[in-house]
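Read off the chains here:
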Amino acid sequence: MTWVKICGLRTSADVKAATDAGADAVGFVLAQDSPRSIRPDLAARLIIDCELPSYLVTVDASPAEILDLIDFTAAAGVQPHGADAAAAALATRRAGLAVLRPLQVTDDLDLSDIPEDQIPLLDTHVPGLHGGTGRRFDPDILPDIARRWVMAGGLDPTNVGEAVKELRPYGVDASSRLESSPGHK
């Protein structure tokens, strides 16, 4: 069975819908430049009422900031993007929490720098963006991947089954293609 994370949730209704739909985890975007962004205090309130493991999606947060955010919100893990992603991921794992480690899919994708206790999250490369583009990557440029990994980018109810059948990821992460407008699930 494929692990499913629904990301970019902003309301209690979003969390309930993800839970009712059978998601295995949810994500809350704290990156301020995203239409899916919420404040840490709202993430904390949503996580308290959520029965699923919750991930914080951050951009350029330092390891100390990430650990403070996790402590404040009680999230189960982090999806760190940006300049301090490697250090933030390492600090999060040392604290015993889960890490989805985002990587943008390019012709020279290399997973060898990602420790085995972090799950690579592969998303479409779009210059200047960290994720949530609603675009699928070209599966033909993926190297052979002999470990658990999560697929993101342009997934929706009409194409996720085919994508899973073709690429056999451990999990999928859907966000922008589940919206009626940016930030509204």
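The coordinates are above.
Residues numbered from 1 in each chain as written. Predicted model: local features only at pLDDT ≥ 70, side-chain atom pairs only at ≥ 80, totals over all residues. Heavy atoms only, no water.

> Would you mind going over the overall build of the chain in detail, with residue names and values included?
A count of helical and extended segments in the chain gives five helices and eight strands. Mapped in sequence order, the helices and strands of the chain form the string β-α-β-α-β-α-β-α-β-β-β-α-β. When the 185 residues of the chain are sorted by exposure, 50% land in the buried category. Contacts in the chain between residues at least 24 apart in sequence constitute 44% of all its contacts with a sequence separation of at least 6. Of the roughly 9100 Å² that the chain leaves accessible, carbon and sulfur atoms contribute 51%. With 17 positive and 27 negative side-chain charges, the chain shows a spacing of 4 Å between the two charge centroids. (Helix = DSSP H or I, 4+ residues; strand = E, 2+ residues; numbered from the N terminus. Buried < 20%, exposed > 50% of the residue type's maximum accessible area, 1.4 Å probe, protein only. Contact = heavy atoms within 4.5 Å. Areas by Shrake-Rupley, 256 points an atom, 1.4 Å probe, with all protein chains shown as cover. Lys, Arg positive; Asp, Glu negative; His and termini not counted. Charge placed at Lys NZ, Arg CZ, Asp CG, Glu CD.)

> How would you sum up the packing of aromatic side chains? Please name residues and give values.
If you walk through the whole model with that rule in mind, you get two aromatic pairs. Where W3 meets Y170, the ring centres are 5.9 Å apart and the plane angle is 15°; that geometry is what we call stacked. Highlighted residues: W3 in strand β1 (residues 3-7) and Y170 in the loop between α5 (160-167) and β8 (171-174), separated in sequence by 167 residues. Residue classification places W3 among the buried positions, given a relative accessible area of 14%. Among the aromatic residues, ring-to-ring pairing joins W3, Y55 and Y170 into one connected group. (Phe/Tyr/Trp six-rings, centres within 6.5 Å; stacked < 30°, edge-to-face > 60°.)

> Please give an account of the nonpolar core that cites residues and values.
With 42 residues, the main nonpolar core has F28, L56, L122, F137, L142 and M151 as its most contacted residues. Every element with two or more residues in this core is listed here: α1 (12-20), β2 (25-29), α2 (40-49), α3 (63-73), α4 (85-94), β5 (98-105), α5 and β8. Top element by residues in this core is α2. It accounts for four residues. If we skip the residues at most four places from it in the chain, L56 touches F28, L30, A43, I47, L69, I70, T73, A75, G77, V78 and Q79. Ranked by size, the runner-up nonpolar core spans eight residues in total, among them Y55, L100, V150 and A152. (Core = buried A, V, L, I, M, F, W, Y, C linked by side-chain atoms within 4.5 Å.)

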